[in-house]
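Letter by letter, the chains look like this.
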Amino acid sequence: MYNNDQAKGLTFWAPNINVFRDPRWGRGQETSGEDPFVAAKYSVAYVRGIQGDSFKGGRIKVNDTHLQTSACCKHFTAYDLDNWNGTTRYIFNAIVNKQDMADTYQPPFQSCVEEGSASGIMCAYNQVNGVPSCADYNLLSNTARQQWGFQGYITSDCDAVAIIHDEQGYAKVPEDAVADVLKAGMDIDCGGYLKTYTNSAVEQKKVSVSEIDRALHNLFSIRMRLGLFDGNPNKLPFGNISADQVCTKKHQSLALEAARNGIVLLKNSGRLLPLPKTKTMSLAVIGPNANATQALFGNYEGLPCKFVSPLQALQGYVNSTMYHQVTHVEISFKARYYFSIANQIST
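Quick look at the sheet that holds strand S5 (residues 93-94)
Then, in step 1: Pairing is mixed across the open sheet formed by 3 strands, whose spatial order is S5-S7-S8. With partners counted over all chains shown, the strands left at the sheet margins are S5 and strand S8 (131-132), one partner each.
Then, in step 2: Sheet analysis places S5 next to strand S7 (residues 127-128), joined by 2 bridges and oriented parallel. Bridge pairing links Asn93 to Gln127 in S7.

This is the structure:
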């Protein structure tokens, strides 16, 4: 699988399918929005696409089919707070009643597992009703594995196991944190806690070897489905995806179609949009982000095929497009001043 040497391996910790209800949460731009139904449909399409299934599903059967890549639905669950009044996502305790859990927070993950056949789940930092997500047997084992039939590996978010002891104080000692997550059904720690404290947890009889064996089974079964032990990767089904298959015209056209279909215009006062190309004499573009291509990256970014800033796009649409960069805009007399400049430029 060609990844331009940006990523290592074939397990991708995506998609982010949390329901985005609080705009103060910094991860909102990664999600599909506030609607659980939309998030559920999005999760299924995303997982099927990157794991190599057909759009309608059915090509990949749980546990018996070669995977193109491994998808991991995150962050499980009720995780949508960043830093509010001194409460961070690392120590946040989400109080969620059964109805809200069933109607709002769980549908995307349930669909991800049952319809998408995701091979990975990531448990979140936060607690849900007083129990850390990665230490919640009811969430990981009872719900995901037994009720939904999940067959794959469950990973922690990075350092989530350490946080159970170090920041939340839920576990009294590090070995208790290790025991809590392994007994709950988590399989792999994105961090160093299991590596550092699992041996001592076994010696203290807080963790059994069978629980470690189960975690290894879940992890290595996915690695086997990815073909990592099947010899020369060039001879495997997805072993010859190279650089010339990245950024093709077909792929860029599909990305443009997805962007167009994914944009929602919330307000169009005076029906100014779309701008008539033949009648628009000039445009004024104001602000530091109009031509800031770095701002287009977002977070967890890869290298784009090309950069097209809003300014560049508008300049290609209307020949007479003037740009005025403003480094700091204050909503005061300065704002009125800059708007007067815009009016002068555009007339």
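Points about helix H4 (residues 137-147)
Then, in step 1: By the burial criterion, the buried members of H4 are Leu139, Leu140, Ser141, Thr143, Ala144 and Arg145.
Then, in step 2: Against the buried residues of H4 lie strand S2 (70-76), strand S6 (120-123), strand S9 (153-156), helix H6 (174-184) and helix H8 (209-225).
Then, in step 3: The N-capping residue of H4, defined by a side-chain oxygen 3.0 Å from the backbone nitrogen of Asn138, is Asp136.
Then, in step 4: Two residues or fewer after H4 comes Gly149, characterised by a positive phi angle close to 75°.

Concerning the pairing of S6
Then, in step 1: Every second residue of S6 is oriented toward a common face, with Gly120 and Met122 on one face and Ile121 and Cys123 on the other, all of them buried.
Then, in step 2: The pairing of S2 with S6 spans 3 bridges and is classified as parallel. Directly across from Cys73, in S6, lies its bridge partner Ile121.
Then, in step 3: Pairing between S6 and S9: 4 bridges, direction parallel.

With respect to the packing of aromatic side chains
Then, in step 1: Summed over the entire model, instances satisfying the criterion amount to 7 aromatic pairs.
Then, in step 2: Taken together, a centroid distance of 4.8 Å and an interplanar angle of 75° make the contact between Tyr90 and Tyr125 edge-to-face. A residue pair is termed long-range when its members are at least 10 positions apart, and Tyr90 in the loop between strand S4 (87-88) and S5 and Tyr125 in the loop between S6 and S7 qualify at 35 residues.
Then, in step 3: Of the residues examined, Tyr90 reaches a relative accessible area of 26% and is grouped as partly exposed.
Then, in step 4: Of the residues examined, Tyr125 reaches a relative accessible area of 7% and is grouped as buried.
Then, in step 5: Taken together, the ring pairs connect Phe76, Phe109 and Trp148 into an aromatic cluster.

Structural notes on unusual backbone geometry
Trans is the common state for peptide bonds, and a negative phi is the common state for residues other than glycine.
Then, in step 1: That bond from Lys74 to His75 is cis: its omega, -5°, falls within 30 degrees of zero.
Then, in step 2: Within the secondary structure, His75 is located in strand S2.
Then, in step 3: Looking along the chain, the bond that leaves Leu273 and enters Pro274 is cis, with omega of 0°.
Then, in step 4: Its place among the elements puts Pro274 in the loop between helix H9 (249-262) and strand S10 (283-286).
Then, in step 5: A positive phi angle, near 65°, is found at Cys247, a position not held by glycine.
Then, in step 6: When you line up the elements, Cys247 lands in the loop between H8 and H9.
Then, in step 7: Assessed through its relative accessible area of 28%, Cys247 is described here as partly exposed.

Considering the state of the cysteines
Then, in step 1: Scanning the entire structure with this criterion turns up 4 disulfides.
Then, in step 2: Note that Cys73 is cross-linked by a disulfide to Cys112, the S-S spacing being 1.6 Å. Around the S-S axis, the bridge from Cys73 to Cys112 shows a dihedral of about 45° and counts as right-handed. Placement of the pair is Cys73 in strand S2 and Cys112 in helix H3 (residues 107-114), with a sequence separation of 39 residues.

Rules used throughout
- Residues numbered from 1 in each chain as written.
- Predicted model: local features only at pLDDT ≥ 70, side-chain atom pairs only at ≥ 80, totals over all residues.
- Heavy atoms only, no water.
- Pairing = 2+ DSSP bridges.
- Helix = DSSP H or I, 4+ residues; strand = E, 2+ residues; numbered from the N terminus.
- Buried < 20%, exposed > 50% of the residue type's maximum accessible area, 1.4 Å probe, protein only.
- Contact = heavy atoms within 4.5 Å.
- Polar contact = N/O pair within 3.5 Å; in protein donor to acceptor, adjacent residues only side chain to side chain.
- Phe/Tyr/Trp six-rings, centres within 6.5 Å; stacked < 30°, edge-to-face > 60°.
- Disulfide = S-S within 2.5 Å.

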